[in-house]
Amino acid sequence: MPSETSQTLDRGLRVLRVLAESPEGLTITELSHRLEVNRTVVYRLISTLEQHGLVRRDARSRLFVGLGVLHLASGVQPLLRDLAMPVLRGLAESLGSTAHLTVADGEEALALAVVEPSWTDFHVSYRVGARHPLTQGAAGKAIGLVDLDEAAYAVTSGELQTGARGLAAPVRGIEGLRASVGVVTLDGAIDEEVVAPQVIAAAAAVAERLR
């Protein structure tokens, strides 16, 4: 026997999902068409979500995801960090390079978790909370590869720090999460044949821990 569900809650969650996928915003009518739900029902849902700061409307009455969603999302970051840390630690120790989990935050890449190797004399210091454009650095560029084949990864040199080289792979299969796992080093060129498979495997391991 199927478990009971709340139709109203389901519709409210669908509203948030559709708005999150609509950066230009939607009108009540457009949202009603997308959801295939009566405008009156959608209006009630929007009114409730607005009261909780989860939906906002601009001067043109177009609807957007509200800033209240950020407060909910902030509670997820420590969970992501804790689940990823063992994988990053193994990667850092194996390659002798600083390993990191980076997530997309708007148009920026945000370093959410960082592990430095314990046995090397020199390694890159990479600060948790560091931000840079998604279009720069291996971590940001890898996030954009999520729809490509599973062997896809990004390699960059000197884009964020002179002499630093990075390789990163996207974390796949976690709905709503745009992230990558990568390493950064100051040692010469990265041996992609050695490093890439380990980084791709680490990204897959992080995804598995998040499921």
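See above for the structure.
Residue numbers here run from 1 along each chain, matching the order of that chain's written sequence. Local features in this predicted model are restricted to residues of pLDDT 70 or higher, and side-chain atom pairs are both shown and tallied only at a pLDDT of 80 or more, whereas totals for entire chains, interfaces and linings draw on every residue. Excluding hydrogens and water, the side-chain values take into account all heavy atoms of the structure.

Caption draft 1: Inspection of the overall build of the chain at higher detail. When its secondary structure is counted, the chain shows seven helices and eight strands. Taking the contacts inside the chain whose residues are at least 6 apart along the sequence as the reference set, 51% of them involve residues at least 24 apart. By element, 52% of the accessible surface of the chain is carried by carbon and sulfur atoms, the whole surface being about 12,100 Å². The charge count includes Lys and Arg as positive and Asp and Glu as negative, but it does not include His or the ends of the chains. Every charge is mapped onto a representative atom, which is NZ of Lys, CZ of Arg, CG of Asp or CD of Glu. The chain carries 20 positive and 25 negative side-chain charges, and their two centres are separated by 9 Å. Only DSSP runs of H or I covering at least 4 residues are called helices, and only runs of E covering at least 2 are called strands; the numbering of each starts at the N terminus. Here, two residues are considered to be in contact whenever any of their heavy atoms come within 4.5 Å of each other. Here, Shrake-Rupley sampling with a 1.4 Å probe gives the accessible areas, and only protein chains in the shown set may cover a residue.

Caption draft 2: Geometry of helix α7 (residues 192-210). The end-to-end C-alpha distance of α7 is 26 Å, a good match for the 27 Å that 19 residues give at a rise of 1.5 Å each. The cut-offs for exposure are 20% and 50% of the maximum accessible area for each residue type, with area from a 1.4 Å probe on protein chains only; residues under the lower value are buried, those over the upper are exposed, and the others partly exposed. Of the positions making up α7, those classed as buried are V195, A196, V199, A202, A203, V206, A207 and L210. Seen along its axis, α7 keeps its buried residues to an arc of 140 degrees; they face one direction. In α7, those exposed residues whose orientation departs by more than 90 degrees from the buried face are E193 and E208. Where α7 is buried, its residues contact α5 (77-95), β3 (98-105), β7 (165-171) and β8 (179-185). Helix span is expected to be 1.5 Å times the residue number reduced by one. For this quantity, the arc is that covered by the directions from the helix axis to the C-beta atoms.

Caption draft 3: Geometry of the pattern of salt bridges. Just to be clear on terms, a salt bridge is a Lys or Arg side-chain nitrogen sitting within 4 Å of an Asp or Glu carboxyl oxygen. Tallying each qualifying case throughout the model produces eight salt bridges. A salt bridge links E208 to R211, with the nearest nitrogen and oxygen atoms 3.0 Å apart. Across this residue pair, the class does not change: E208 and R211 are exposed.

Caption draft 4: Inspection of the side chain of T156 at higher detail. Relative to the helices and strands, T156 is located in strand β6 (residues 154-157). Exposure remark for T156: the relative accessible area of 10% places this residue in the buried category. We define a polar contact as two N or O atoms separated by no more than 3.5 Å, with the added condition that, inside protein, one atom must be a possible hydrogen donor and the other a possible acceptor, whereas residues neighbouring each other in sequence contribute only through side-chain atom pairs. At a separation of 3.0 Å, a polar atom in the side chain of T156 contacts the main-chain amide nitrogen of A138. Contacts of T156, omitting those with residues within four sequence positions, involve G137, A138, K141, A164, R165 and G166.

Caption draft 5: Inspection of the environment of R165 at higher detail. Take R165: it is sitting in strand β7. Apart from the residues lying within four places of it in its own chain, the contact partners of R165 are T156, S157, V183, V184, T185, L186, G188, A189 and I190. Within the structure, the side chain of R165 is placed 3.2 Å from the backbone oxygen of G163, a separation counted as a polar contact.

Caption draft 6: View of the pairing of β6. Because side chains alternate across β6, one face comprises the buried residues A154 and T156, and the other comprises V155 and S157, none of which is buried. In this structure, β6 lies alongside β7, joined through four bridges in antiparallel fashion. Counted as the bridge partner of A154 is A168 from β7. Two strands make a pair as long as DSSP finds a minimum of two bridges between them.

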